[in-house]
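Now for the letters of each chain:
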Amino acid sequence: MPEKTKLIEMYTRMLQIRYFEEKVFELYGQNLVPGTIHLYAGEEAVAVGVCSNLRRDDYIISTHRGHGHCIAKGADLGKTMAEILGKKTGYCKGKGGSMHIADFNIGMLGATAVVGAGIPIASGAGLSIKLRGTDQVAACFFGDGASNQGTFHEGINMAAIWKLPVIFVCENNLYAMGTRQSIVMAIENVADRAAAYGIPGLSVDGNDVLAVYEATSAAVNRARNGEGPTLIECKTYRQKGHSRFDPAAYRPKAEVEEWLKKDPVIRFKNKLVENSTLTEQEAEKLSREAKETVESAVKFATESPFPQPEEALEDVYAKKESATSK
Ligand SMILES: Cc1ncc(C[n+]2csc(CCOP(=O)(O)OP(=O)(O)O)c2C)c(N)n1
Ligand SMILES: [Mg+2]
């Protein structure tokens, strides 16, 4: 089990992700978010359990459901919110939006809206680490749906044969849009696929941040020691629909209720109180502070200016000098 300061940091991050997503949902309702959004609420234990094992110079590769990954890796909440609102102060100057946030300073190599596309990118990052001879690792988040893409096979196979320092993290939330996993997969555990690549594959309770933390800790040690990649499947559930407009009517009510009882944020709080890491009052204070942090991120983002139309093509193409010097 991590030490007290680390546990509190992990709980704080989970709270920040939850409140952040609630705010994004609210702002979307006020027509302040261009495009669509995919919320991470309910899956906080995965991002935090994984990223709490990573150093700042380690890499992550994210998905269309990526706000939680960014926050867990240490992204600035104000710049993240500003990007989602299309503001000039956002990570990509407001030109990327929710699904294209990147911050190389914290090792966040980028989100992608193309399902499964991050998997070979992670293997590429792993190859870069190996060629440069550093002890960094790359963690790649993707969904159960993505694990049915060809990129999953190609990316993991390559990482396995070259023993690349990559942790493949499947966020199995049982659905790819409205399609239930059992309709499109003849196996129950995505982790079983690891056998095909000769690498370890584990299925863990993705709503238990400590279970995710322990599994990732072993995978990170393995990767840093040059022993190659690991596939970790985290069984979890998104509390909202696939995207903002999806009421998720295809999910049985009893199933939703069962998973809401396994809320990862509440479960972690209960655990911290039970084992005397926190008192109820201290937990309440952390919750208030996380809300305030998110409120100031919203204030920063909403008060920030939009980019000007004439800036539209800036940062889109490489400058001539740098393009020819390559
Ligand atoms: C290559 C590709 N195919 C289809 C889509 C449309 N699409 C967007 S999200 C999604 C479902 C992804 O499911 P999963 O990988 O389980 O991630 P989750 O949304 O459950 O987190 C699909 C099919 C896409 N963006 N990219
Ligand atoms: Mg899914």
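Please read these numbers as outputs of a predicted model, since none were measured by experiment.

Colleague: Tell me about the site of ligand 1, residues and numbers included.
Modeller: Close contacts around ligand 1 come from 15 residues, with H64, R65, A113, G145 and N173 the closest. Contact between ligand 1 and H64: an oxygen atom at 2.7 Å from a side-chain N or O atom of the residue. Among the residues making up the shell around ligand 1, the classes are represented as seven nonpolar, six polar and two charged.

Colleague: Any chance you could break down the side chain of E311 for me, citing the residues and the numbers?
Modeller: Tracing the chain through its elements places E311 in the loop between helix 11 (280–303) and helix 12 (320–325). Note on E311: relative accessible area 11%, which makes it buried. Setting aside anything within four residues of it in sequence, one finds E311 in contact with K88 and K95.

Colleague: For the packing of aromatic side chains, give the residues involved together with the corresponding values.
Modeller: According to the stated counting rule, one finds seven aromatic pairs in the structure shown. Taken together, a centroid distance of 5.9 Å and an interplanar angle of 80° make the contact between Y28 and F245 edge-to-face. Of this pair, Y28 sits in helix 1 (residues 4–29) while F245 is found in the loop between strand 7 (230–235) and helix 9 (253–261), placing the two residues 217 residues apart along the sequence. Residue classification places F245 among the exposed positions, given a relative accessible area of 66%. Ring centres of Y175 and Y250 lie 5.5 Å apart, and the angle between their planes is 50°; on these two criteria the pair is classed as tilted. Note that Y175 is positioned in strand 4 (residues 175–176) and Y250 in the loop between strand 7 and helix 9, a separation of 75 residues in sequence. Grouping aromatic residues by their ring pairs yields a cluster made of Y175, Y237, Y250 and W259. The ring of F152 carries R193 above its face, with NZ or CZ at 6.0 Å from the centroid. The lysine or arginine in question, R244, covers the ring of F25, its NZ or CZ lying 4.4 Å from the ring centre.

Calculation notes
Residues numbered from 1 in each chain as written. Chains lettered and ligands numbered in written order. Predicted model: local features only at pLDDT ≥ 70, side-chain atom pairs only at ≥ 80, totals over all residues. Heavy atoms only, no water. Near = heavy atom within 4 Å. Polar contact = N/O pair within 3.5 Å; in protein donor to acceptor, adjacent residues only side chain to side chain. Nonpolar A, V, L, I, M, F, W, Y, C, P; charged D, E, K, R; others polar. Helix = DSSP H or I, 4+ residues; strand = E, 2+ residues; numbered from the N terminus. Buried < 20%, exposed > 50% of the residue type's maximum accessible area, 1.4 Å probe, protein only. Contact = heavy atoms within 4.5 Å. Phe/Tyr/Trp six-rings, centres within 6.5 Å; stacked < 30°, edge-to-face > 60°. Lys NZ or Arg CZ within 6 Å of the ring centre and 35° of its normal.

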